[in-house]
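Structural description and commentary
In case you want the letters, here they are:
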Amino acid sequence: MEKFVINGGRKLSGKLRVESAKNSVLPILAASILTNEEVIIKDCPKILDVLNMIRILAFLGVKTRFSDGNLIINSSGINGYAIPQSLSNQLRSSIFMMGALLSRCGKAELAYPGGCEIGLRPIDIHLKGLKNLGILVEDTGGEIICVADKMCGGEVYLDFPSVGATENVMLSAVTAKGKTEIRNAAKEPEIVDLMRFLNAMGAKVYGAGTSTILIEGVEKLHGAVFKPVSDRIEAGTYLIATAITGGEIELENCSAKNISSLIHKLCDNACKISIKNDIIYLKSGACRKSFSFATGPYPCFPTDLQAPLMSLATVSDGVSVITENVFEMRYRHVQELVKMGADITVSGRTAIVKGVKRLMGATVNAHDLRGGASLIIASLNAEGKTIVEDINHIQRGYYEMDKKLRSLGADIKKKN
Ligand code: EPZ
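A brief report on the enclosed structure follows.

**Remarks on the site of the ligand**
Not every one of the 22 residues close to the ligand is listed here, only the nearest: Asp124, Ile125, Ser162, Asp304 and Val326. One nitrogen or oxygen atom from the main chain of valine 163 is found 2.8 Å from an oxygen atom belonging to the ligand. For the ligand, an oxygen atom lies 3.3 Å from a polar atom in the side chain of arginine 330. Burial of the ligand by the surrounding chains reaches 91%, relative to a free accessible area of 830 Å². Structurally, the ligand is housed in the largest pocket. Counting residues per element, the ones that place at least two in the shell around the ligand are α1 (22–31), α5 (124–132), α6 (163–173) and α12 (369–381). In terms of residue count, the dominant contributor to the shell around the ligand is α5 (3 residues). In terms of residue class, the shell around the ligand is built from 9 nonpolar, 6 polar and 7 charged.

What follows is the structure, encoded as structure tokens:
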């Protein structure tokens, strides 16, 4: 298994361009099968989750190719609506294919999705939402079989503002006869991006970014050329990595408003931050002050930055209190940070982090995508050598992370 080897203690400094958002590109890839015409996703990141989603599309007869960093998709030859477990369990996003296949083929057969082990990650809200649209859903205890013969617009109430469930219902409703209203919808920027993409294909979606999304079903969707929103989680990860090393960074292709909750926390930590158009400039403060935060659905603090920001808390003066309200098992990085000398105690959903002067290099394991990123961040501060194993988790969502960190002055190498 590949690993990263990092020698800590170097200040990060320089410029970086943020990729297009993983969590926007993935549902957009699913949505691209809703037309026979060509779709072009500009600046598509070649991260593992995208490559796995492309494998699912290829299995269904969809043609894709990269050209100058753009992904060109042609679904005119789609020839199936069933996704085998070997493909669907590679990533959580396979679940979005359900809504898209129901729109395109009127049927969908899918084994339970995979993804980061950060909780049970049930799909009950997805299935309830699709049933509200008249879709027949059968759960054979491992495989979901859906039929859309009677699919029509309707009122969907999500028991929790689930990002994936909101997106799945949107993907079905755009071609369902009549109007659909999704209440208690997720408000993440990636939901807004999916609405922008669907409308670029000729759909009629309104209100994404609020808790009520209105959709008027249309007969047919056409091709589109689309540039996804930038990755707010990747941007946040590099801002935190810079702060923990006492360095400075200029991030391009950012949308500061999409990570305003993190920016506030980094200012609490005594970082100096300035924003100009799509550029965020951060200079870390002379000392690192403790801070507290609780994750929640957007616009609350994003759960995907909980682990990365916890690393900064481990070497910030004083006690930081972190509460994870979205996933019930998103503290697997804690045991790894403790191996590096962090002082963290977890009780239920709350982690109490007592700042230490500096972390120590160690051999640690990435258990999931963002937990792995938190270990890389911690290693940049640590004294001596850190080995981060199982980095395939990290490569699911960060493109060339080692190369980018080296360009900022870090001593990091990928090893087999
Ligand atoms: C999306 O996952 C993101 N993934 C996650 O990012 C992100 O952490 C999450 O939204 C929350 O923002 C993608 O977009 C590909 P949810 P998703 O449905 O859709 C419960 C990363 O690191 N729930 O909003 O799976 C669920 O268990 C990844 O990039 C149900 O109970 O998240 C969780 O506790 C990790 N039943 C909560 O809702 C359901 O049917 C939020 O999940 C669906 C969800």
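Here the narrative resumes.
**Thoughts on the sheet that holds strand β4 (residues 63–67)**
Spatially, 4 strands are ordered β4-β5-β3-β14 in an open sheet, and the strand pairing comes out mixed. If you trace the sheet from one side to the other, it starts and ends with β4 and β14 (224–226), each paired once. Going from strand to strand, the sheet's axes swing by 15 degrees on average, the running direction of each strand aside. The pairing of β4 with strand β5 (residues 70–74) spans 5 bridges and is classified as antiparallel. Bridging from a neighbouring strand, threonine 64 pairs with isoleucine 73 of β5. Most of the contacts of helix α7 (residues 189–200) go to β14, to which it runs at about 150 degrees, and overall it touches β3 (39–41) and β14.

**Focus on empty space enclosed by the protein**
In the structure shown here, the tally under the stated rule is 1 cavity of 30 Å³ or more. There is about 30 Å³ of room inside the largest cavity. Along the walls of the largest cavity sit Glu19, Ser20, Lys22, Pro45, Ile47, Asp231, Glu234, Gly397, Tyr398 and Tyr399, which together make up its complete lining. The residue inventory of the lining of the largest cavity, partitioned by class, reads 4 nonpolar, 2 polar and 4 charged. Looking at the lining of the largest cavity, you find at least three residues from each of domain 1 (3–15 + 287–415) and domain 2 (22–226).

**Structural notes on the environment of valine 364**
Along the chain, valine 364 turns up in strand β22 (residues 363–365). Separated by 11 residues in the primary sequence, valine 364 and leucine 375 have C-alpha atoms spaced 7.6 Å apart.

**A closer look at the pairing of strand β13 (residues 212–216)**
Only one face of β13 is covered, namely the one carrying Ile213 and Ile215; the face carrying Thr212, Leu214 and Glu216 has none of its residues buried. Where strand β12 (residues 204–206) meets β13, 3 bridges bridge the pair, whose relative direction is antiparallel. If you follow lysine 204 over to β13, its bridge partner there is glutamate 216.

**Remarks on the environment of alanine 31**
Inspection of the secondary structure assignment puts alanine 31 in helix α1. Judged by its relative accessible area of 0%, alanine 31 is buried. C-alpha separation for the pair alanine 31 and valine 218, spaced 187 residues apart in sequence, amounts to 14 Å. Here alanine 31 is in contact with Leu171, Leu194, Phe197, Leu198 and Met201, once residues within four sequence places are set aside.

**A few points about the sheet that holds strand β19 (residues 319–323)**
Strand order in this open sheet of 4 strands is β18-β19-β21-β20, and the pairing throughout is mixed. Only two strands of the sheet have a single neighbouring strand rather than two, namely β18 (293–294) and β20 (343–347). For β18 and β19, the ladder comprises 2 bridges, and the chain directions are parallel. Across the sheet, residue alanine 294 finds its bridge partner in β19, namely threonine 323.

Rules and cut-offs
Residues numbered from 1 in each chain as written. Predicted model: local features only at pLDDT ≥ 70, side-chain atom pairs only at ≥ 80, totals over all residues. Heavy atoms only, no water. Near = heavy atom within 4 Å. Polar contact = N/O pair within 3.5 Å; in protein donor to acceptor, adjacent residues only side chain to side chain. Areas by Shrake-Rupley, 256 points an atom, 1.4 Å probe, with all protein chains shown as cover. 1 Å grid on protein atoms, 1.4 Å probe; cavity = no way out; pocket = protein on both sides within 12 Å on 5 of 7 lines; lining within 4 Å. Sits in = over half its atoms within 2 Å of the grid points. Helix = DSSP H or I, 4+ residues; strand = E, 2+ residues; numbered from the N terminus. Nonpolar A, V, L, I, M, F, W, Y, C, P; charged D, E, K, R; others polar. Pairing = 2+ DSSP bridges. Axes fitted to C-alpha atoms, helices over the stretch in contact; angles between N-to-C directions. Contact = heavy atoms within 4.5 Å. Points joined across faces, edges and corners; volume = space filled by probe spheres on them. Domains from an automatic or database assignment. Buried < 20%, exposed > 50% of the residue type's maximum accessible area, 1.4 Å probe, protein only.

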